[in-house]
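Topology and contacts: notes
Listed below, chain by chain, are the residues.
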Amino acid sequence: MRSKRRLRWAAIPVAALLSVVLAGCTQQQLQGWLPTEPGTTNNVDRVIGLWVTSWIVLLAVGVITWALIIWAIVVYRRRKGQTGLPAQLRYNMPIEIFYTIVPLILVLGFFAFTARDQAAIEEPYADPEVKIQVFGKQWAWDFNYVDEDVYYAGVQGQADPDDDNGELVESEIPVLYLPVGKTVEIQLESRDVIHSFWVIDFLYKKDMLPGKTNYMYVTPEREGTFSGKCAELCGEYHSMMLFNVKVVSQQEYDDYIQSLRDSGNEGQLGHEYDRNQNLPGIGTPAHEEE
Ligand SMILES: [Cu+2]
């Protein structure tokens, strides 16, 4: 009788979980509500896999834990006529070992899979087909198309006077063009303070540090316009430090490069426009005299 009742309690969370799983999943659910679509870049599916597997494992741990808590509350509740404290148990060796070992396995597992995926995502392209140098600056972006030797100088987006929600004028937001299906190396620099280069749909972001160059390696695999933003609080107009990434065909990319060339944007916007010219290693004028 008693064990039957216990089984019934265990059946509730199991049934709830099963009915959710069996109800059929939408694409949004399958990707754990991440703001992208599978196949957007060569890395996106990997990130979705890591994220979804992680939260399913953690949800299972959570469901088991909640079920055990509820079970203990119900089965060992104070009954009519009971007085005093129940038997005080502690240092149950098998249980102590169990809840030391299981979290250890979980943490090591998460670490191993994260390290594996991070290593794959961070693996440099030996010979990238496209090289982009990005400068973050308060509060816009400069894009150098390195091999083509043309540049785009971004100007801070402006709030749309007709929009009550403070949205920016879309046509004034800096734009980065990338050709679809090509290996891209993105070199990240900052002209002033720490920024972070984040293309939302790419599911990856990386800091841009003054005086240090960071790299991102990505192959965009789906054409479209993707929102980007600075992901590191960088001053008063940080929220307006937006950009768009247009992933286009090779032909459209070439046309865009030509349009930059036609409008006189030949050359590169280098570190000469950085606001800090006295970073470590560069030397201040006082040092140069010595
Ligand atoms: Cu910023």
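Residues numbered from 1 in each chain as written. Predicted model: local features only at pLDDT ≥ 70, side-chain atom pairs only at ≥ 80, totals over all residues. Heavy atoms only, no water.

Digging into the coordination of the copper ion
In plain terms, the rule: Metal donors were taken as nitrogen, oxygen and sulfur atoms no farther than 2.8 Å from the ion, or 3.2 Å where the ion is Na, K or Ca. Water is excluded, so coordination may look unfinished. Angular criteria define each label, namely tetrahedral for four donors with all angles between 85 and 135 degrees, square planar for four and octahedral for six donors with opposite donors over 155 degrees apart and remaining angles between 65 and 115, and irregular for whatever fails these tests. Runs of E in the DSSP output that reach at least two residues are strands. Runs of H or I that reach at least four are helices, and both are numbered from the N terminus. We call a residue buried when its accessible area falls under 20% of the maximum for its residue type, exposed when it is over 50%, and partly exposed in between, using a 1.4 Å probe and counting protein chains only.
The protein atoms that coordinate the copper ion are His-195 (ND1), Cys-230 (SG), Cys-234 (SG) and Met-241 (SD), at distances of 2.0 to 2.5 Å. One can describe the site at the copper ion as tetrahedral: its four donor atoms subtend angles covering 92 to 127° at the metal. Read N to C, the donor residues that coordinate the copper ion are spaced as H-x34-C-x3-C-x6-M. Placement of the pair is His-195 in strand β6 (residues 195–199) and Cys-234 in the loop between β9 (224–230) and β10 (242–248), with a sequence separation of 39 residues. On the basis of relative accessible area, His-195 is assigned to the buried category, the value being 0%. On the basis of relative accessibility, which here comes to 5%, the residue Cys-234 falls in the buried class.

Some thoughts on the side chain of Thr-219
Put simply, the rule is: Any pair of nitrogen or oxygen atoms within 3.5 Å is treated as a polar contact; in protein, a donor-acceptor pairing is required on top of that, and neighbouring residues in sequence qualify only through side-chain atoms on both sides. By definition in these notes, contact holds between two residues if any of their heavy atoms fall within 4.5 Å.
Looking at the secondary structure, you find Thr-219 in the loop between β8 (214–218) and β9. Among the polar contacts made by the side chain of Thr-219, one reaches the side chain of Tyr-125 at a distance of 2.5 Å. Ignoring sequence-local partners within four residues, the contact set of Thr-219 consists of Thr-40, Thr-41, Asn-42, Tyr-125, Gly-181, Lys-182 and Thr-183.

Focus on the sheet that holds β6
In sheet architecture, strand pairing relies on hydrogen bonds along the backbone and comes in two forms, parallel and antiparallel. So the rule is basically this: In this description, strands pair whenever DSSP reports at least two bridges between them. Lines fitted to the C-alpha atoms define the axes, with helices restricted to the stretch that makes contact. Angles between their N-to-C directions range from 0 to 180 degrees.
Taken in spatial order, the five strands line up as β4-β10-β9-β6-β7 in an open sheet, and their pairing is mixed. Across the chains shown, the open sheet's two edge strands, defined by having one partner strand only, are β4 (175–179) and β7 (204–208). In this sheet, adjacent strand axes meet at a mean angle of 25° when their direction is disregarded. Of the pairings in the sheet, the one linking β6 to β9 comprises three bridges and is antiparallel in character. The residue of β9 that forms the bridge with Phe-197 is Cys-230.

Some thoughts on the UniProt feature "transmembrane region" (unreviewed entry) in the protein
The condition is simple: UniProt positions are given in the numbering used here, feature names are shortened, and annotations may be inferred rather than shown by experiment.
Under the present numbering, the feature "transmembrane region" (unreviewed entry) in UniProt falls on residues 47–76 and 97–115. Here residues 47–76 is 97% helix and 0% strand, with 43 Å between the C-alpha atoms at its ends. Split by type, residues 97–115 is 100% helix and 0% strand. Its first and last C-alpha atoms lie 27 Å apart.

Some details on the pattern of salt bridges
In plain terms, the rule: Basic side-chain nitrogens of Lys or Arg form a salt bridge, by our definition, when they fall within 4 Å of a carboxyl oxygen of Asp or Glu.
Counted by the stated rule, this structure contains eight salt bridges. Linking Lys-206 and Glu-122 is a salt bridge whose minimum nitrogen-to-oxygen distance equals 2.7 Å. Here the residue Lys-206 occupies a position in strand β7, and Glu-122 occupies one in helix α4 (residues 93–122), the gap between them amounting to 84 residues. The buried category is assigned to Lys-206, whose relative accessible area is 14%.

Digging into the side chain of Asp-201
Definition in use: Counted charges follow a simple rule, with Lys and Arg positive, Asp and Glu negative, and His plus the chain ends left uncounted.
Locating Asp-201 in the fold gives a position in the loop between β6 and β7. Buried within the structure, Asp-201 lacks any salt-bridge partner; its nearest side chain of opposite charge belongs to Arg-222, at an N-O separation of 4.1 Å. Non-local contacts of Asp-201, meaning those with residues more than four positions away in its chain, are made with Pro-35, Thr-36, Thr-40, Val-44, Arg-222 and Phe-226.

Details of the nonpolar core
We count it as follows: Among buried residues, those of type Ala, Val, Leu, Ile, Met, Phe, Trp, Tyr and Cys that are joined through side-chain atoms within 4.5 Å constitute a nonpolar core.
Ile-132, Val-134, Trp-141, Phe-143, Tyr-145, Ile-186 and Phe-197 are the most contacted members of the largest nonpolar core, which has 34 residues in total. Ignoring any residue separated from it by four or fewer positions in sequence, one finds Ile-186 in contact with Ile-132, Val-134, Phe-197, Asn-214, Tyr-215, Met-216 and Val-218. Counting seven residues, the second-largest nonpolar core is a separate cluster that includes Leu-34, Val-44, Val-47 and Ile-121.

Concerning the UniProt feature "domain: Cytochrome oxidase subunit II copper A binding" (unreviewed entry) in the protein
The feature "domain: Cytochrome oxidase subunit II copper A binding" (unreviewed entry), as given by UniProt, occupies residues 127–259 in the numbering adopted here. Annotated as 8% helix and 44% strand, the span residues 127–259 places its first and last C-alpha atoms 26 Å apart.

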